[in-house]
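Spelled out from the first residue to the last, the chains are:
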Amino acid sequence: MSARAFREEIADRLDLPAEAAGLLKLTLLGSSRALVESHRGISLYSRECIEVKGKGTLARIRGEGLSLAAMDRDALLIRGRILCVEID
């Protein structure tokens, strides 16, 4: 079992919020905004794709006209036309 799968299993069994287990928390607000919490930085940034690192996870947000509207240590807000979200 991978470390990420283990953290997810523990969070599920203990009914913990994702961020308590060090997992990315991604909230889509319609198709024009994405809020990503508990991130570890950005690994790729373009108008068509933004990759956000998590602890053992990578979230890839694909779309059109994407931009980083706000970012701090705990969360970031992506705006634009969101077409697809991939988790690796």
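One can find the structure itself at the top, above this paragraph.
Just so it is clear, the structure is predicted and the values come from calculations on it, not from any experiment.

A. Main features of the overall build of the chain. Looking only at helices and strands, the chain has one helix and six strands in total. Across the 88 residues of the chain, 31% fall into the buried class. When contacts within the chain are restricted to residue pairs at least 6 apart in sequence, long-range pairs at least 24 apart make up 40% of them. For the chain, the exposed surface amounts to about 5,400 Å²; the carbon and sulfur share of it is 50%.

B. A look at unusual backbone geometry. Positive phi is not limited to glycine here, since Ser 38 has a value of about 60 degrees. By the secondary structure assignment, Ser 38 is in the loop between strand E2 (33–37) and strand E3 (42–45).

C. Spatial organisation of the nonpolar core. With 11 residues, the main nonpolar core is built from Leu 24, Ala 34, Val 36, Ile 50, Val 52, Ala 59, Ile 61, Leu 66, Leu 76, Ile 78 and Ile 82. Secondary-structure elements contributing two or more residues to this core are E2, strand E4 (49–54), strand E5 (57–71) and strand E6 (75–87). Contact partners of Val 36, with chain neighbours within four places excluded, come to Leu 24, Lys 25, Leu 26, Val 52, Ile 61, Asp 74, Ala 75 and Leu 76.

D. Spotlight on the pattern of salt bridges. On inspection of all chains with the given rule, the structure shows six salt bridges. Here Arg 60 makes a salt bridge to Asp 88, at a shortest N to O gap of 2.9 Å. Taken together, the residues span a long stretch of sequence, with Arg 60 in strand E5 and Asp 88 in the segment after E6 at a distance of 28 residues. Taking relative accessible area as the criterion, Arg 60 reaches 13% and is therefore assigned buried. Residue classification places Asp 88 among the partly exposed residues on the basis of a relative accessible area of 46%. Taken together, the shared-partner salt bridges in this structure form one network comprising Glu 51, Arg 60, Arg 62, Glu 86 and Asp 88.

E. View of the sheet that holds E3. Taken together, the six strands give an open sheet; going across it, the order is E1-E2-E6-E5-E4-E3, and neighbouring strands pair in antiparallel fashion. One side of each edge strand has no neighbouring strand; the edge strands of this open sheet are strand E1 (25–29) and E3. Across the sheet, the mean angle separating the axes of adjacent strands is 40 degrees when strand polarity is ignored. Two elements, E5 and E6, share 10 bridges in a ladder whose sense is antiparallel. What sits directly across from Leu 68, in E6, is Ile 78.

F. Structural detail: the environment of Cys 49. Inspection of the secondary structure puts Cys 49 in strand E4. Sequence spacing of Cys 49 and Val 85 is 36 residues, and the spatial spacing of their C-alpha atoms is 9.7 Å. Ignoring sequence-local partners within four residues, the contact set of Cys 49 consists of Leu 44, Arg 60, Ile 61, Arg 62 and Leu 66.

Reading guide: rules and limits
- Residues numbered from 1 in each chain as written.
- Predicted model: local features only at pLDDT ≥ 70, side-chain atom pairs only at ≥ 80, totals over all residues.
- Heavy atoms only, no water.
- Helix = DSSP H or I, 4+ residues; strand = E, 2+ residues; numbered from the N terminus.
- Buried < 20%, exposed > 50% of the residue type's maximum accessible area, 1.4 Å probe, protein only.
- Contact = heavy atoms within 4.5 Å.
- Areas by Shrake-Rupley, 256 points an atom, 1.4 Å probe, with all protein chains shown as cover.
- Core = buried A, V, L, I, M, F, W, Y, C linked by side-chain atoms within 4.5 Å.
- Salt bridge = Lys/Arg side-chain N within 4 Å of Asp/Glu carboxyl O.
- Pairing = 2+ DSSP bridges.
- Axes fitted to C-alpha atoms, helices over the stretch in contact; angles between N-to-C directions.

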